[in-house]
Amino acid sequence: MIVNNFVNGSFVASQAEDTLPVRNPATNERLATLPLTTASEVDAVVRTAQAAYPEWRSTPVVDRVQPLFRLKALLEESFEDISRTVTLECGKTLAEARGEVRRGIENVEVACGMPSLIQGWNNEDIARGIDEHMIRQPLGVVATITPFNFPAMIPLWFLPYGVATGNSFILKPSEKVPLTSQKLFGLIEQAGFPSGVVQLVNGDADVVNALIDHPLVRAISFVGSTPVAKLVYARATAKGKRAQCQGGAKNPVVIMPGVDVEGAANAMAESAFGCAGQRCLALSTAITVGDMHDPFAEAMADLATSRRVGNGLADDTEMGPVITDASRQRIEGLLAQVDDGNGRFLVDGRGRGVDGYPDGNWIHPTILNTDPGMPVAREEIFGPVLSLMRADDLDQAIDWVNDRAFGNMACLFTRDGKAAREFRHRADAGNIGINIGVAAPMAFFPFSGWNESFFGDLHAQSRHGVEFYTQTKVVVERW
């Protein structure tokens with residue numbers, strides 16, 4: 001299978017000679033071939049988007065959302081097909097893929113409310129005989145670059161809001177997982193968007209740079225690692241473009257005395273090892289307070305060693321592979337830096353395969369006893385690795401939560417309302433969970449990363465998405 005671009009209302013083959021393989025991470029079977037779209041092709045896509053923009057901008061917002069209503073219905077009809085495609089190319093379990101697709105559909109639903117979301121403000125007689133209005137207008141051509149770990153959901157964090165607000169939208173998905181976007185754009189073709197309003201271009205970093213540098217592209221949305229997010233943000237803003245760049249994470253959780261150990265451990269296992277730890281809301285550091293360490297560590301060790309690792313399409317699989325063999329080697333390289341002389345490895349998931357899948361990118365759940373200053377406890381690993389630390393009290397735990405570069409999410413498990421309020425107020429992160437393992441905002445709330453987990457001012461989803469994709473115009477008039 002050759003992966004195609006979607007240009008001016010239909011799928012078209014790239015003329016690029018350079019290609020990359022697309023592989024199933026559970027088997028390393030080649031699924032497809034992805035051409036690396038050339039700079040001249042990117043230029044043509046952007047110019048097509050620009051040509052479609054004036055008519056789309058002038059389309060009433062109540063009409064702009066009609067293709068989104070149709071897209072929502074088409075996504076529901078193709079729910080299982082898209083979910084299986086996510087698992088096939090991304091490796092996560094089918095249950096996780098279904099959850100991802102459902103979250104993507106929620107964003108389409110929210111964007112269907114754009115006639116209300118895009119409303120402005122007005123004052124009659126702001127001065128005698130003078131009225132003043134603030135209205136929102138679209139930017140023009142906007143582009144989004146998305147990562148491998150949520151190939152269905154993350155494009156839908158941006159696409160529905162970008163087009164419903166009146167922009168022409170270009171998606172560049174991860175070159176590791178382009179097949180889900182092929183499915184999505186097949187549905188977009190059926191949904192009835194005008195030609196050129198929504199387009200898809202495949203490739204690698206060269207395509208990303210071509211989109212950022214193009215003078216007709218007005219805004220860039222990005223999700224990926226922190227080093228790349230910094231580069232994209234700096235390059236885009238240096239050219240006067242709007243940018244919202246979601247980076248990496250090292251998400252902590254604090255376990256307070258008196259909590260239900262079994263319940264907290266189960267929530268932690270789903271968060272730390274779900275999607276093989278390859279998500280920006282995975283809890284990767286657990287800070288136990290007081291006498292909670294030993295019972296919590298024992299419960300976590302049992303869950304880690306019993307977690308069924310395998311092909312995500314199998315019904316009994318609880319955790320799939322990491323995305324590539326290079327990712328597996330990177331994770332194991334970070335773990336190799338840990339001195340195990342003091343029993344640091346509570347559970348060691350390295351070097352273990354899966355029966356029947358000798359070529360899969362396997363690493364099993366791993367749990368480490370760490371100290372706050374250890375690199376493995378501070379750096380993003382992006383794999384199924386959980387670090388455990390002991391704190392004397394809540395104050396010390398919050399100090400450790402805040403002593404890190406990232407700020408995507410922080411969670412607390414407690415039965416104490418005062419502790420919960422204190423944590424909510426003081427924790428230096430944009431998404432807070434109280435007795436929640438994955439504090440993923442619903443589509444009608446923004447995805448609020450902080451610090452080096454996000455670069456920009458306006459986040460993905462909800463009203464932040466509306467504000468990012470529109471510019472305000474103030475009209476002062478006298479008649």
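What counts and what doesn't
- Residues numbered from 1 in each chain as written.
- Predicted model: local features only at pLDDT ≥ 70, side-chain atom pairs only at ≥ 80, totals over all residues.
- Heavy atoms only, no water.
- Helix = DSSP H or I, 4+ residues; strand = E, 2+ residues; numbered from the N terminus.
- Rg over C-alpha atoms; globule rule 2.2 N^0.38 Å.
- Buried < 20%, exposed > 50% of the residue type's maximum accessible area, 1.4 Å probe, protein only.
- Contact = heavy atoms within 4.5 Å.
- Pairing = 2+ DSSP bridges.
- Axes fitted to C-alpha atoms, helices over the stretch in contact; angles between N-to-C directions.
- Salt bridge = Lys/Arg side-chain N within 4 Å of Asp/Glu carboxyl O.
- Phe/Tyr/Trp six-rings, centres within 6.5 Å; stacked < 30°, edge-to-face > 60°.
- Lys NZ or Arg CZ within 6 Å of the ring centre and 35° of its normal.
- 1 Å grid on protein atoms, 1.4 Å probe; cavity = no way out; pocket = protein on both sides within 12 Å on 5 of 7 lines; lining within 4 Å.
- Points joined across faces, edges and corners; volume = space filled by probe spheres on them.
- Nonpolar A, V, L, I, M, F, W, Y, C, P; charged D, E, K, R; others polar.
- Expected span 1.5 Å × (residues − 1).
- Arc of directions from axis to C-beta.

## Some points on the overall build of the protein
Working step 1: Each helix and strand in the protein was counted, giving 17 helices and 22 strands.
Working step 2: For 479 residues, the compact-globule formula gives about 23 Å, and the C-alpha radius of gyration of the protein, at 23 Å, lands near that figure.
Working step 3: Every one of the 479 residues in the protein was classed for burial, and the buried ones make up 58%.
Working step 4: For the protein, the proportion of contacts with a sequence separation of at least 24, taken over those separated by at least 6, is 72%.

## Observations concerning the sheet that holds strand E16 (residues 385-391)
Working step 1: As summarised here, the arrangement of the seven strands in space is E14-E15-E16-E13-E12-E18-E19, forming an open sheet in which the pairing is mixed. Looking along the sheet, the strands with just one partner apiece sit at the ends: strand E14 (345-347) and strand E19 (431-434). The mean angle between the axes of side-by-side strands here comes to 20°, regardless of whether they run parallel or antiparallel.

## Details of the pattern of salt bridges
Working step 1: Per the stated rule, a full pass over the model turns up 22 salt bridges.
Working step 2: Glu 76 is paired through a salt bridge with Lys 72; the nearest N and O atoms lie 3.0 Å apart. Residue Glu 76 and its partner Lys 72 are located together in helix H3 (residues 66-77), separated by four residues, close to a single helical turn.
Working step 3: Two residues, Asp 403 and Arg 378, come together in a salt bridge whose shortest N-O distance is 3.5 Å. Of this pair, Asp 403 sits in the loop between helix H15 (394-402) and strand E17 (406-407) while Arg 378 is found in helix H14 (residues 375-378), placing the two residues 25 residues apart along the sequence.
Working step 4: What makes Arg 378 partly exposed here is its relative accessible area of 29%.
Working step 5: Shared partners join several salt bridges into a network, and the residues in it are Lys 72, Glu 76, Arg 102 and Glu 109.

## Observations concerning the side chain of His 364
Working step 1: Relative to the helices and strands, His 364 is located in the loop between E14 and strand E15 (366-369).
Working step 2: A relative accessible area of 7% places His 364 in the buried class.
Working step 3: Other than its neighbours up to four places away in sequence, His 364 contacts Val 309, Met 319, Gly 349, Arg 352, Gly 353, Val 354 and Pro 384.

## Some details on the packing of aromatic side chains
Working step 1: This model, assessed by the stated rule, comprises 10 aromatic pairs.
Working step 2: On the basis of an interplanar angle of 55° and a centroid distance of 5.4 Å, the ring pair of Phe 6 and Phe 185 is categorised as tilted. Remark: Phe 185 occurs in helix H8 (residues 179-191) and Phe 6 occurs in strand E1 (residues 5-7); sequence separation between them is 179 residues.
Working step 3: Given a relative accessible area of 1%, Phe 185 falls into the buried group.
Working step 4: Judged by centre distance (6.3 Å) and plane angle (65°), the rings of Tyr 357 and Trp 362 are edge-to-face.
Working step 5: Aromatic ring contacts, followed pair by pair, group Phe 6, Phe 11 and Phe 185 into a single cluster.
Working step 6: Cation over ring: Lys 92 sits above Phe 150, and NZ or CZ is 3.6 Å from the ring centre.

## Considering the layout of surface pockets
Working step 1: Estimated volume of the largest pocket: approximately 800 Å³.
Working step 2: As for the largest pocket, its lining consists of 36 residues, of which Phe 222, Val 223, Gly 224, Ser 225 and Val 228 are closest to the centre.
Working step 3: Residue assignment for the lining of the largest pocket shows that the elements contributing at least two residues are helix H9 (205-213), strand E10 (217-223), helix H10 (226-238) and helix H13 (325-336).
Working step 4: It is H10 that provides the largest number of residues to the lining of the largest pocket, a total of six residues.
Working step 5: Taken together, the residues of the lining of the largest pocket break down into 18 nonpolar, 11 polar and seven charged.
Working step 6: If you list the elements that add at least two residues to the lining of the second largest pocket, you get helix H5 (94-111) and helix H7 (153-164).
Working step 7: For the lining of the second largest pocket, the element with the most residues is H5, which contributes five residues.

## Some words on H13
Working step 1: When the terminal C-alpha atoms of H13 are compared, their 16 Å separation across 12 residues agrees well with the 16 Å that a helix rising 1.5 Å per residue should span.
Working step 2: Three or more residues of H13 are buried, namely Ser 327, Arg 328, Ile 331, Glu 332, Leu 334 and Leu 335. Within H13, the buried residues cover an arc of 155° as seen down the axis, which keeps them to one side. Within H13, the exposed residues directed more than 90 degrees away from the buried face are Ala 326 and Ala 336.
Working step 3: At its buried positions, H13 is contacted by E14, E15, H14 and E16.

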